[in-house]
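So you can see what is in the structure, the chains are spelled out below.
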Amino acid sequence: MATEKKYEFSSEVEKRFQWLLTRYPTKDAVLLPILHLVQDENKWLTPDSIEYVAKRMDLSPARVREVASFYTMFRLNQKGQYVLQVCHNISCYLRGSDGVIEHIKKRLNIKENEITPDGKFSLERVECLASCGTAPVLQVNGWDYHEELTIEKVDRIIDDLLKDKNAYLDYEKRISEGSVA
Amino acid sequence: MSQKILPLHPLEKRVLIAGYGEDNSWTIQHYEKNYKGYEAAKKAVSMPADDIIKTVKDSGLRGLGGAGFPTGMKWGFIPKNSSKPVYLVCNADEGEPGTFKDRQIMEHCPHRLIEGMIAAAVAIGSKTGYIYVRGELRLAIKRLEDAINEAYAKNYLGQNIFGSGKAFDLTVHPGAGAYICGEETGLIESLEGDRGQPRLKPPFPAISGAFGGPTIVNNVATLAHVPGILLNGAEWFIKMGNGTNRGAGTAVWCVSGDVQKPGFFEVPVGTKLSTMLNEICGGPLTGRKFKACFPGGSSSPLLKAEEFDVPMDFDTLAAKGTMMGSCAIIVVDDSRSIPEVCMRTARFYAHESCGQCVPCREGTKWTYKMLRRVCSGQGTKSDLKNVQSACDNMAGKTICVLSDACAMPVTSMLKKFPEEFEKLLIPESEFTPELPKVSGQLGSVLDAIRARQQS
Ligand SMILES: Cc1cc2nc3c(=O)[nH]c(=O)nc-3n(C[C@H](O)[C@H](O)[C@H](O)COP(=O)(O)O)c2cc1C
Ligand code: SF4
Ligand code: FES
């Protein structure tokens, strides 16, 4: 059985980690920023990455897990390659988020909080994403926003992601092209 | 971000988001060239701290994060000559449903916030600041980090700011998804690398906050107002609003829900709600009528359409039994069911309760569950009574005010739209309790009962 490579910071993350340590009066305060960097690199907080972070932070793995589990952005389980999170709070509801959720369920043939069999997508409901003026809104993988959704737009997003196209689109580029919203 | 750039309405007055939509509005070059960028900070480093605090007090600036606390007074609570380091923390967690104002400032005018923080830091004697940004807002985080680097390069931040011998270091700290981290002591816990569970007060953060030091937590919009006030004076700020220091300055209102033109609009404090919705936002959707709105985010008690003729300032809205909150107007029209809106409001707070206080943890959960039953057409009169009593029993009885934030809007909807709830109720005699779904022998017994209930 091939042993998986254990997680370690890349040189980029290591550099950032060293810099972060100079920015706070305590080491503990670096935990949230470093977990973000690890998750970006690793897609989710695998048990070995948590163990590694714990060691580097002089904390127990249980403590790192305890803190991480408080926050909805940290993923402690593997999810789809693209996590579609649809806001279901008041403004998005008023602008049709229920229809968006139903459509994605049908199109991907999954229920909420499930992963498609090919591991490509998961679907979740989330609370207000601070984009209520351009509701309804969904985000891909925690921060790539898509706003003023229509069923056609949702289909286009899924079509693109199926081909791994336009995933993690450069925000600045999207804004300068006027294609946001 | 991401609102199409529309021509400004004559009532719009851009101070906080001056430059929004202009090319490279987020660069230091643009800010210095067009908006007297960093002149206020330059002025502040040579002013006595007490003078800065006095000017801010005189201006009538009040916190735009939700509570509307007078900013100058808050700064005055920081002990003079503290032996511990003083921290300045900007609350950019932007979690209140309906609110999207802070990200416009951070994404398009980040230098105004940074400049405001420099001046605030001089006023309270802080050498270290953090901007706690909601983790999902990657563009805001990037623009702020770039802007901070630009400011360091010019020695506007660092060990010797503007050659004054004073130091101020500023760092962006990403949140990770938890509404409760917007509450100032929850935010401090989170900044320190812990779960964001609010602390018991006292001690207040101004005495003992982040890392044990005296700490000021201010909202993005509050801090971004400071440069204008220092440069143009307190009078200018008062005049811009309704001319009293009850309603000074401008605020960026976020309008969402059932209106023609949702979006964000910076107007003087004291502008009428009806003017905002009918003139600036183009009125209700075709064929519909306004029914009600949350005037200050989902935590604020609702106003009915006939109450819209009201100036939006802290005290007037408070006198009407609601609040300016985070300046977020969520509009609900006559095609909507208030109980449905109410259920979704409660669901949010039930989801976001951090669980430390029993009245909040249980109260928000049961409020949501009972409202869900009412909305599904299975609720009875006693469910409504229980919702009210859950609300009465959590507000004011907990560590932080999240429980009040749930109880206030829910209570207001029950009180202002009782007929909509009553319409959905069934008589107690028709009530069938929901049986739990379990497997095994007990499960088949329950299935049999369920079948009998349905026949
Ligand atoms: C549950 C809860 C959530 C809050 N969320 C935010 C928030 O997202 N942003 C914010 O600026 N203030 C928020 N506040 C208000 C802060 O506790 C605090 O009053 C504010 O940041 C102070 O800044 P100001 O004086 O400039 O308004 C929240 C309060 C509570 C109780
Ligand atoms: S009131 Fe609710 S959110 Fe606030 S500390 Fe208590 S349990 Fe947590
Ligand atoms: S309600 Fe969906 S983004 Fe605010």
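Residue indices begin from 1 for each chain and proceed along its sequence in written order. Each chain is given a letter, starting from A, and each ligand a number, starting from 1, according to the order in which they appear as written. Since the coordinates come from a predicted model, pLDDT governs what is reported: local features require at least 70, and pairs of side-chain atoms require 80 or more to be given and counted, while whole-chain, interface and lining totals use all residues. The basis for the side-chain values is all heavy atoms of the structure; hydrogens and waters are excluded.

Engineer: For this particular structure, what's the right way to read the overall build of chain A?
Structural biologist: For the purposes of this entry, the term helix denotes a DSSP run of H or I that reaches at least four residues, the term strand denotes a run of E that reaches at least two, and both are numbered from the N terminus. A tally of regular secondary structure across chain A gives 8 helices and 4 strands. Reading the secondary structure of chain A in the N-to-C direction produces α-α-α-α-β-α-α-β-β-β-α-α. Any pair of residues with heavy atoms lying within 4.5 Å of one another is described as a contacting pair. Restricting to contacts in chain A with at least 6 residues of sequence separation, those with at least 24 account for 62%. Here chain A has roughly 8600 Å² of accessible surface; of this, 50% comes from carbon and sulfur atoms. Residue exposure ignores everything except the shown protein chains as possible cover, and the areas themselves are Shrake-Rupley values with a 1.4 Å probe.

Engineer: Would you mind going over the overall build of chain B with me for this structure?
Structural biologist: What chain B contains, in helices and strands, is 19 helices and 9 strands. The globule rule is 2.2 Å times the number of residues to the power 0.38, and the radius of gyration it is compared with is taken over C-alpha atoms. For chain B, the C-alpha radius of gyration of 24 Å lies close to 23 Å, the compact-globule estimate for 455 residues. Reported as C-alpha extents along the three principal axes, the dimensions of chain B are approximately 85 × 50 × 35 Å. The buried label applies to any residue whose accessible area, calculated with a 1.4 Å probe on protein chains only, is under 20% of its type's maximum; exposed applies above 50%, and partly exposed to all values in between. Each of the 455 residues in chain B was classed as buried or not, and the buried ones make up 60%. A fraction of 69% describes how many contacts in chain B between residues 6 or more apart in sequence connect residues 24 or more apart. A total accessible area of about 17300 Å² is found for chain B, and carbon and sulfur atoms account for 53% of it. Charged side chains in chain B number 52 positive and 48 negative. The centres of these two groups are separated by 1 Å. Here Asp and Glu are counted as negative and Lys and Arg as positive; His is not counted, and neither are the chain ends. The location of each charge is read from NZ of Lys, CZ of Arg, CG of Asp or CD of Glu.

Engineer: Explanation requested: the site of ligand 1 in the structure shown.
Structural biologist: Residue and element names in this part refer to chain B. Around ligand 1, 19 residues are found, and the nearest of them are Gly65, Lys74, Asn91, Asn219 and Thr222. Contacts to ligand 1 include asparagine 218, whose side-chain N or O atom sits 3.0 Å from an oxygen atom. Protein contact buries 91% of the 620 Å² of open area that ligand 1 shows by itself. Considering every element that reaches the shell around ligand 1, the biggest residue donor is strand 4 (residues 215-219), with 3 residues. In the scheme used here, Gly and all other residues not listed as nonpolar or charged are polar, with Ala, Val, Leu, Ile, Met, Phe, Trp, Tyr, Cys and Pro taken as nonpolar and Asp, Glu, Lys and Arg as charged. Broken down by class, the residue content of the shell around ligand 1 amounts to 6 nonpolar, 8 polar and 5 charged. Summary of the distance rule: residues count as near a molecule or strand when at least one heavy atom falls within 4 Å of that molecule or strand. Any pair of N or O atoms that falls within 3.5 Å is considered a polar contact. Within protein, one atom must be able to donate a hydrogen and the other to accept it, and sequence-neighbouring residues count only if both atoms are side-chain atoms.

Engineer: Help me understand the site of ligand 2, please; the structure alone is not making it clear to me.
Structural biologist: For ligand 2, the full set of nearby residues is Ile180, Pro198, Ser353, Cys354, Gly355, Gln356, Cys357, Cys360, Thr398, Ile399, Cys400 and Leu402 of chain B. Each residue belonging to the shell around ligand 2 can be placed in one class, and the counts come to 8 nonpolar, 4 polar and no charged.

Engineer: Sorry, what's going on with the interface of chain B and chain A here?
Structural biologist: When the parts come together, some accessible area is lost, and that loss is often what is quoted as the size of the interface. In this assembly, 69 residues from chain B lie in contact with 50 residues from chain A. The buried area of a pairing is the accessible area, by a 1.4 Å probe, that goes missing from both parts when the two are put together, added over both. For the pairing of chain B and chain A, the buried interface totals around 4700 Å² over both sides, and the portion due to carbon and sulfur atoms is 56%. Taken as a group, Arg138, Arg195 and Arg344 of chain B account for 15% of the area that chain B buries against chain A, more than any other trio of residues on that side. Salt bridges, as used here, are contacts in which a Lys or Arg side-chain nitrogen is within 4 Å of a carboxyl oxygen on Asp or Glu. If you look at where chain B meets chain A, you find 4 salt bridges. The residue arginine 138 of chain B makes a salt bridge to aspartate 40 of chain A at a minimum N-O spacing of 3.0 Å. Between the two partners, chain B and chain A, sit 25 residue pairs in polar contact (both at pLDDT 80 or more). Those elements giving two or more residues to the side of chain B that touches chain A turn out to be strand 2 (128-133), helix 7 (138-153), strand 3 (169-174), helix 8 (184-191), strand 5 (250-257), strand 9 (328-333) and helix 14 (338-352) of chain B.

Engineer: I tried to follow the environment of glutamate 266 of chain B on my own but got confused; where do I start?
Structural biologist: Residue and element names in this part refer to chain B. In this fold, glutamate 266 is placed in strand 6 (residues 263-268). Classification of glutamate 266 as buried rests on a relative accessible area of 0%. Sequence-wise, glutamate 266 and glutamate 32 are 234 residues apart; in three dimensions their C-alpha atoms are separated by 21 Å. Leaving out residues up to four positions away in the same chain, glutamate 266 has contacts with Leu11, Glu12, Lys13, Arg14, Val15, Leu16, Ile17, His225, Thr250, Ala251 and Val252. Only 3.0 Å separates the side chain of glutamate 266 from the backbone nitrogen of valine 15, close enough to count as a polar contact.

Engineer: How should the sheet that holds strand 1 (residues 87-92) of chain B be read in this particular structure?
Structural biologist: Strand pairing in a sheet relies on backbone hydrogen bonds, with the paired strands running either antiparallel or parallel. Residues and elements named next belong to chain B. Two strands are counted as paired when DSSP detects at least two bridges linking them. The strand order 3-2-1-4 describes an open sheet built from 4 strands, whose pairing is parallel. Where the open sheet ends on each side, the last strands, each with one partner, are strand 3 and strand 4. Strand-to-strand twist in this sheet, taken as the mean axis angle between neighbours without regard to direction, amounts to 20°. In the packing of helix 7 onto the sheet, contacts are made with strand 2 and strand 3, and the angle to strand 3 comes to roughly 170°. Along the sheet, helix 8 makes contact with strand 1, strand 2, strand 3 and strand 4, crossing strand 2 at roughly 105°. Note on geometry: axes are C-alpha line fits, over the in-contact stretch for helices, and angles between N-to-C directions span 0 to 180 degrees.

Engineer: What is the right way to look at the packing of aromatic side chains in this model?
Structural biologist: Ring pairs (aromatic) are described by centroid distance and by the angle formed between their planes. All names here are of chain A. Pairing of aromatic rings covers Phe, Tyr and Trp, the last counted by its six-membered ring, and requires centre-to-centre distances within 6.5 Å; plane angles under 30 degrees mean stacked, over 60 mean edge-to-face, and any other angle means tilted. A full pass over the atoms with the stated rule returns 21 aromatic pairs over all chains. Ring geometry for tyrosine 82 and phenylalanine 121: centres 6.1 Å apart, planes at 45°, overall tilted. Here phenylalanine 121 lies in strand 2 (residues 121-126) and tyrosine 82 lies in strand 1 (residues 82-87), a separation of 39 residues in the sequence. Each member of the pair, tyrosine 82 as well as phenylalanine 121, carries the same accessibility label: buried.

Engineer: Help me out: how do you make sense of the nonpolar core in this one?
Structural biologist: Where a protein is soluble and globular, its nonpolar side chains tend to be buried together. By convention a nonpolar core is built from buried Ala, Val, Leu, Ile, Met, Phe, Trp, Tyr and Cys residues, the set being connected through side-chain atoms within 4.5 Å. In terms of nonpolar packing, the biggest core is built from 103 residues, with Trp75 and Met276 of chain B touching the most fellow members. Residues contacting methionine 276 of chain B, with those up to four places away along its chain left out, are Trp253, Val255, Phe265, Val267, Cys281, Met312 and Ile329 of chain B. Of all hydrophobic cores here, the second largest spans 80 residues; its members include Leu76 and Leu94 of chain A together with Val217 and Cys360 of chain B.

Engineer: How do you make sense of the pattern of salt bridges when you look at a structure like this?
Structural biologist: Proximity of charged atoms lets side chains of opposite charge pair with each other. Here the structure, examined in full by the defined rule, presents 39 salt bridges over all chains. Its salt-bridge partner being arginine 56 of chain A, residue glutamate 14 of chain A comes within 2.8 Å of it at the nearest N-O pair. Placement of glutamate 14 of chain A in helix 1 (residues 11-21) and of arginine 56 of chain A in helix 3 (residues 47-57) is noted, with a sequence separation of 42 residues between them. In this structure glutamate 14 of chain A comes out as partly exposed when scored by relative accessible area, which is 23%. Taking relative accessible area as the criterion, arginine 56 of chain A reaches 21% and is therefore assigned partly exposed. In this structure, aspartate 258 of chain B engages arginine 336 of chain B in a salt bridge whose closest nitrogen and oxygen atoms are separated by 2.8 Å. Here aspartate 258 of chain B is found in the loop between strand 5 and strand 6, whereas its partner arginine 336 of chain B is found in the loop between strand 9 and helix 14, with 78 residues between them in sequence. One network of salt bridges, with partners in common, ties together Glu102, Lys105, Glu112 and Arg125 of chain A.

Engineer: I tried to follow the packing of helix 3 (residues 49-59) of chain B against helix 6 (residues 110-124) of chain B on my own but got confused; where do I start?
Structural biologist: Packed helix pairs are characterised by how far apart their axes lie and by the angle those axes make with each other. Residue and element names in this part refer to chain B. In contact at an axis separation of 7 Å, helix 3 and helix 6 are set at 120° when each is read in the N-to-C sense. Between helix 3 and helix 6, the interaxial angle falls into the category oblique. For the element pair helix 3 and helix 6, the recorded crossing hand is left-handed. Here Ala49, Ile52 and Ile53 of helix 3 come into contact with helix 6, specifically with Ala119, Val122 and Ala123. Looking at the contact of helix 3 with helix 6 residue by residue, the class counts come to 6 nonpolar, no polar and no charged. Should an angle fall under 35 degrees it is taken as roughly parallel, and over 145 as roughly antiparallel, whereas 65 to 115 is taken as roughly perpendicular and any remaining angle as oblique. Handedness of a crossing is defined here by the sense of rotation of the near helix relative to the far one, left-handed for an anticlockwise turn of less than a right angle and right-handed for a clockwise turn.

Engineer: I keep staring at the packing of helix 14 of chain B against helix 17 (residues 402-416) of chain B and nothing clicks. Help me out?
Structural biologist: All names here are of chain B. Taken N-terminus to C-terminus, the directions of helix 14 and helix 17 make an angle of 170°; their axes are 10 Å apart at the nearest point. Relative to helix 17, the element helix 14 lies roughly antiparallel. Within the contact between the two elements, helix 14 uses Ile338, Val341, Cys342, Thr345, Ala346, Tyr349 and Glu352 and helix 17 uses Leu402, Ala405, Cys406, Pro409, Val410 and Met413. Of the residues in the contact of helix 14 with helix 17, the class split is 11 nonpolar, 1 polar and 1 charged.

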